[in-house]
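# Examining the three-dimensional arrangement
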Amino acid sequence: MKKVITYGSFDLFHKGHYRLLQRAKALGDYLIVGVTTEHFDEERGKLNLIDPIIKRIENVKATGFADEIIVEDHVGQKVEDIQKYQADIFTVGSDWTGKFDYLKEYCEVIYLPRTEGISSTMLRAEAYELVHMGIMGSGRIAGRFVPESRFVSGLSIDGVFNPRIKSAERFAEEHKLDFFTDDEEEFYSKVNAVNIASPHVTHYAYAKNALEHGVHVLCEKPLCLTKAQAEELYALAKAKKLVLMEAIKTAHAPGFIRLLSTVKSGTIGEVRDVEACFTRLTPDHLRELTDTECGGSFTEFGSYAILPILKILGLHYEDVEFKMFLAENGVDVYTKAYFTYPNAIATAKTGLKVKSEGQLLISGTKGYILVPSPWWLTHEFEVCYENREQNQKIATRFLGGGLRYELSDFISTINGYGKSEFKLTASESIAMAEIMEKFLAARKQMQEAK
Ligand code: CTP
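Residues numbered from 1 in each chain as written. Predicted model: local features only at pLDDT ≥ 70, side-chain atom pairs only at ≥ 80, totals over all residues. Heavy atoms only, no water.

### Considerations on helix α11 (residues 254-264)
Operational definition: Buried means the residue's accessible area, taken with a 1.4 Å probe over protein chains only, is under 20% of the maximum for its type, while exposed means over 50%, and partly exposed covers the values in between. Labels follow the DSSP assignment, with helices taken as runs of H or I lasting at least four residues and strands as runs of E lasting at least two, numbered in each case from the N terminus.
All of the buried residues in α11 are P254, G255, F256, L259, L260, T262 and V263. Remark: G266 follows α11 within two positions and exhibits a positive phi of approximately 85°.

Right under this line is the structure:
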């Protein structure tokens, strides 16, 4: 019996896929089809897949060509599968010509002519209208955003808003955007989504105004500095059927998602402690240190450090306490937030003028997980036990600056597929605003006592 094996994502199943499977089957007597997991596709940089794996498998099955369907979830699996299933032929479309020649060591490799004029990418682009996005603010974050957006399909960054028109003009020129403006009304009329990357103090007002104008909002962290404001914005977004997302890239990184599911699966037992640290030595002239109202290390980096705490231990902490060092102008340059939970404790540590190890350490009753610096760009983590022989290192991919993951989740939420809301829920984002509010109150008290 001649066994043939082939692989694909088979997203939005189309006639190119059908014809490929039909011809693959005709090459032998028994056809094995490997369908990729979303996780694997995400890891290899293929974002925005629309159909969930179950649907993609069902579509392959419905053709009647596959004798066996398997799931492909890691690099190198093809070599393993070919040996395991004793495949005689590996086949794939001609768009891959040459790429799989290394498999010739194990079986015959046949590239079948690709069906012209159709692809999942094309169908994805046709299925949903392009999201036209504008950027509010033209500073450092905004600058990182545009290049990352090119990796996300279904999105076009069209323009930039800045009350300082010269900055907007410079930014539009540098990033080759269609328009720039200092007029908020004009801005909202030209886009259907915004990325708010302006100073913290402006976030609430811009987000509210954008939502009122029927525009989806992806807002840099911290979204708000009070709980009431965050609640108001999420209620407004819900009433208007718009997407409001706080942009915390770590929450959308494949490695961080993997880390959370590892913790939740109980491998390290009950979690008793989460320690997260984010410090970056910052020159005195930058906004983080000069903005006496909203600057400081905790408003700048606290959202990252709080994220794993809320994700792992939940929103129902009993108490949060803050200790900090203040600069002359009253902004905190080093802060520790201590959380107390019924059965756990946690610390979030942030610094602008103090440098520390940027790691995340999660301690449990059976073991611990160490995510080395920079844990917020989760590349790898180690699950450790009393018996070191059981330790396991897990490496995941984190592409570019990582903004592409949150952006692609934002786009898929707007379009109603992808199911990524769990990665950062409205309740979690509101809880973060509440913590920021408590922090600012504690800082004010300390400033007054000085
Ligand atoms: N295929 C084909 N003809 C097409 C599209 C795909 O023969 N017009 C083949 C591919 O070469 C591959 C298999 O179908 O062997 C599964 O491809 P997949 O990557 O899932 O589909 P694409 O439409 O190429 O997806 P995308 O646009 O996301 O790359």
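### A look at the environment of D273
Worth spelling out the cut-off: Note on contacts: a residue pair is in contact if any heavy atoms of the two residues lie within 4.5 Å.
The residue D273 is located in strand β12 (residues 271-279) in this model. The exposure class assigned to D273 is buried, which follows from its relative accessible area of 18%. It is 5.1 Å that separates the C-alpha atoms of D273 and S363, two residues lying 90 residues apart in sequence. For D273, the contacting residues outside a window of four places in its chain are I345, A346, L361, I362 and S363.

### A short note on the site of the ligand
Cut-off, in case you're wondering: Here a residue is near a molecule or strand as soon as one of its heavy atoms is found within 4 Å of it. We call two N or O atoms a polar contact when they sit within 3.5 Å, provided that within protein one can donate a hydrogen and the other can accept it, with sequence-adjacent residues counted only if both atoms are side-chain atoms. Accessible surface area values rest on a Shrake-Rupley calculation with a 1.4 Å probe, where residue burial reflects the displayed protein chains alone. Gly is put with the polar residues, along with every residue not named as nonpolar or charged; the nonpolar set is Ala, Val, Leu, Ile, Met, Phe, Trp, Tyr, Cys and Pro, and the charged set is Asp, Glu, Lys and Arg.
Close contacts around the ligand come from 19 residues, with D95, T115, I118, S120 and T121 the closest. Contacts to the ligand include S9, whose backbone N or O atom sits 3.0 Å from an oxygen atom. Between the ligand and H17, the relevant distance is 2.8 Å, taken from an oxygen atom to a side-chain nitrogen or oxygen of the residue. Contact with the protein chains hides 93% of the accessible area of the ligand, taken as 570 Å² for the molecule alone. At the level of secondary structure, the elements contributing two or more residues to the shell around the ligand comprise α1 (15-26), β4 (89-93) and α5 (120-127). Its residues assigned to classes, the shell around the ligand shows 5 nonpolar, 10 polar and 4 charged.

Purely spatial values, then, with no claim about function.
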